[in-house]
Amino acid sequence: MPTSPRLHIESRLAGGKSLTLDEDASNYLARVLRLGLGGEARLFNAEDGEWLARIDAVSSRRIVVTLSENLRPPPQAAGAPLTLLFAPVKKDQTDMIVEKATELGATSIRPVLTERTQTRTVRLDRFRKIAIEAAEQTERLDVPGIAEPALLPRALADLPAGTALIFCDETAGPLPGGTAATVKPIREVLASLGRRPAAILVGPEGGFTAFERAALHGRADTHPSSLGPRILRAETAAISAMVLWQSACGDWG
Ligand code: SAM
């Protein structure tokens, strides 16, 4: 039997509560899914978990539901938090990064403006919509936070204390001034980190400048990591690094 649709709802959810859904949610249930009186949906948010909702009234633009049973409690803080810091790339690829980061359990997502970032304006409302839809589809109970874009130094400074930075460094070459750069296979880096709070940093189409690399290699608790001998597209790198982190350090264990 197809499971009833899931909708992320900001307002508080509790047994017996009656809710008038907003226009988008009402339109989705009534017109897209053609649900009517007695139809069911699952409403969720990180504070209240997931609740079964039954449709009690359908007007031209609004649906009223009543919440009955609690299907899933609010998410406990399961694994370590994972932040994705990524330089925005072309629109479709950037949308994919936000969607896959949500499916792969990122706690927060932040666009980072590096020297060579081409796309310097982003639509956060669009990212949030993509993240909510991905959370609904992937059966998450929470939606990753989408932080304001920031220049690289600011984004790094804003990381919570104790966050291990996994710096995806595709350049094996020496740093400015000829100092050797140590870039380890990501598998090795993740084995050493374990279940610590982490942030993954992925650069833009043009990669990081030598100056940015030198600053990152010199930064405390920063772990330059290789994703193998081939140069990956930013979206491939971001997805690969998150998959590997979830498998080694996250909630796939
Ligand atoms: N500078 C690259 C070049 O020479 O074409 C392009 C950068 S790549 C398209 C975008 C980002 O993906 C990089 O900045 C890096 O963060 C990540 N990345 C790609 N391939 C990688 C690899 N083999 N190891 C580590 N990170 C990689």
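What you see is a predicted model, and the numbers here were worked out from it, not measured in a lab. (Residues numbered from 1 in each chain as written. Predicted model: local features only at pLDDT ≥ 70, side-chain atom pairs only at ≥ 80, totals over all residues. Heavy atoms only, no water.)

1. Let's talk about the state of the cysteines
In protein structure, a disulfide is the covalent linkage between the sulfur atoms of two cysteines. Our working rule: Here, a disulfide means two cysteine sulfur atoms that sit within 2.5 Å of each other.
One pass over the structure, following the stated rule, counts zero disulfides. Looking at Cys-249, it has no disulfide partner, and the nearest cysteine sulfur is the one in Cys-168, 13 Å off.

2. Quick word on the site of the ligand
Short version of the rule: Nearness is judged by heavy atoms alone; a residue qualifies as near a molecule or strand once a single heavy atom is within 4 Å of it. Polar contact criterion, stated in full: a pair of N or O atoms within 3.5 Å, where within protein one must be able to donate a hydrogen and the other to accept it, and residues adjacent in sequence count only if both atoms are side-chain atoms. Reported accessibility uses the Shrake-Rupley method at a 1.4 Å probe radius. Residues are deemed covered only where the shown protein chains occlude them.
Around the ligand, the structure places 19 residues, and the nearest of them are Cys-168, Glu-170, Leu-227, Arg-230 and Leu-232. Measuring from a nitrogen atom of the ligand, one finds a backbone N or O atom of Gly-228 at 2.9 Å. One of the backbone N or O atoms of Arg-230 is found 2.7 Å from a nitrogen atom in the ligand. Across the complex, the protein chains shield 83% of the 570 Å² of accessible surface that the ligand would expose by itself.

3. A look at the packing of aromatic side chains
Here is the rule: Stacked, edge-to-face and tilted are the three classes for Phe, Tyr and Trp ring pairs, Trp counted by its six-membered ring, which pair at centre distances within 6.5 Å; planes under 30 degrees apart are stacked, over 60 edge-to-face, the rest tilted. Helix and strand definitions here come from DSSP, where helices need a minimum of 4 consecutive H or I residues and strands a minimum of 2 consecutive E residues; each element is numbered from the N-terminal end. Think of it in three bands: with a 1.4 Å probe and only protein chains considered, a residue is buried below 20% of the maximum accessible area for its type, exposed above 50%, and partly exposed in between. In this scheme, the term charge over a ring applies when either NZ of a lysine or CZ of an arginine sits within 6 Å of the ring centre and within 35 degrees of the ring normal.
Taken as a whole and judged by the stated rule, the model has one aromatic pair. Between Phe-167 and Phe-208, the aromatic rings sit 5.1 Å apart at their centres with planes inclined by 85°, giving edge-to-face as the arrangement. On the criterion of sequence distance, the pair formed by Phe-167 in strand β10 (residues 164-168) and Phe-208 in the loop between β12 (198-202) and α6 (210-217) is long-range, its members being 41 residues apart. Relative accessible area serves as the criterion here: at 0%, Phe-167 is assigned to the buried category. In this arrangement the basic side chain of Arg-6 is found over the ring face of Phe-44, its NZ or CZ atom lying 3.8 Å from the centre.

4. Examining the sheet that holds strand β1 (residues 6-8)
Paired through their backbone hydrogen bonds, the strands of a sheet run either parallel or antiparallel. Put simply, the rule reads: Any two strands with at least two DSSP bridges between them are considered paired. Between N-to-C directions, angles cover 0 to 180 degrees, with each direction set by a line fitted to C-alpha atoms, over the stretch in contact for helices. The contact criterion used is simple: two residues touch if any of their non-hydrogen atoms lie within 4.5 Å.
Strand order in the open sheet made by the five strands is β1-β3-β4-β5-β2, with mixed pairing throughout. In this open sheet, the two strands that pair with only one neighbour each are β1 and β2 (18-20). Within this sheet the neighbouring strands show an average axis-to-axis angle of 40°, counted without direction. Bridge count between β2 and strand β5 (residues 63-72): three bridges; the pairing is antiparallel. Bridge pairing links Ser-18 to Thr-66 in β5. The strands that helix α3 (residues 124-137) touches are β1 and β3 (40-45); relative to β1, the one it contacts most, it runs at about 145°.

5. Some thoughts on the nonpolar core
Applied cut-off: We define the nonpolar core as a collection of buried residues of types Ala, Val, Leu, Ile, Met, Phe, Trp, Tyr and Cys that are connected through side-chain atoms lying within 4.5 Å of one another.
Counting 37 residues, the largest nonpolar core has Leu-84, Val-98, Ile-166, Ile-200, Met-242 and Trp-245 as the members making the most contacts within it. Of all the elements in the fold, those that place two or more residues in this core are β6 (82-86), α2 (91-103), α3, β10, α5 (186-193), β12 and α7 (234-249). Sorting elements by how many residues they give to this core places α7 first, with seven residues. Core analysis: the second largest hydrophobic core is formed by 16 residues, Leu-13, Leu-19, Ala-53 and Ile-55 among them.

6. A few points about the environment of Arg-42
With respect to the helices, strands and loops of the structure, Arg-42 is situated in strand β3. Accessibility expressed as a relative area gives 11% for Arg-42, which makes it buried. Through-space distance from the C-alpha of Arg-42 to that of Pro-5 is 6.0 Å; in sequence the pair is 37 residues apart. Excluding anything up to four places from it in sequence, Arg-42 contacts Thr-3, Ser-4, Pro-5, Arg-6, Leu-7, Glu-50, Trp-51, Leu-71 and Glu-139. Within polar-contact distance, the side chain of Arg-42 engages the side chain of Thr-3 at 3.5 Å.

7. Observations concerning α5
Threshold: What the arc describes is the spread of directions from the helix axis to the C-beta atoms.
Three or more residues of α5 are buried, namely Ile-186, Val-189, Leu-190 and Leu-193. Angular distribution of buried residues about the axis of α5 spans 95°; they occupy a single face of the element. In α5, those exposed residues whose orientation departs by more than 90 degrees from the buried face are Arg-187, Ala-191 and Ser-192. Where the residues of α5 are buried, they touch β10, β11 (184-185), β13 (222-226) and α7. The positive-phi residue at the C-terminal boundary of α5 is Gly-194, with phi of around 65°.

8. Observations concerning the side chain of Glu-235
Keep this limit in mind: Within this scheme the basic residues Lys and Arg register as positive and the acidic residues Asp and Glu register as negative, but His and the chain ends are omitted. Salt bridge, as applied in this entry: a Lys or Arg side-chain nitrogen positioned within 4 Å of an Asp or Glu carboxyl oxygen.
Positionally, Glu-235 belongs in helix α7. Buried charge without a partner: Glu-235 forms no salt bridge, and the closest opposite charge is Arg-233, 4.4 Å away. Non-local contacts of Glu-235, meaning those with residues more than four positions away in its chain, are made with Val-89, Gln-93, Met-96 and Ile-97.

9. Structural notes on the environment of Ala-238
Among the secondary structure elements, Ala-238 is positioned in helix α7. Classification of Ala-238 as buried rests on a relative accessible area of 0%. When the C-alpha atoms of Ala-238 and Ile-166 are compared, they prove to be 11 Å apart, with 72 residues separating the residues in sequence. When residues no more than four places from it in sequence are discounted, the contact partners of Ala-238 are Leu-84, Ile-97 and Val-202.

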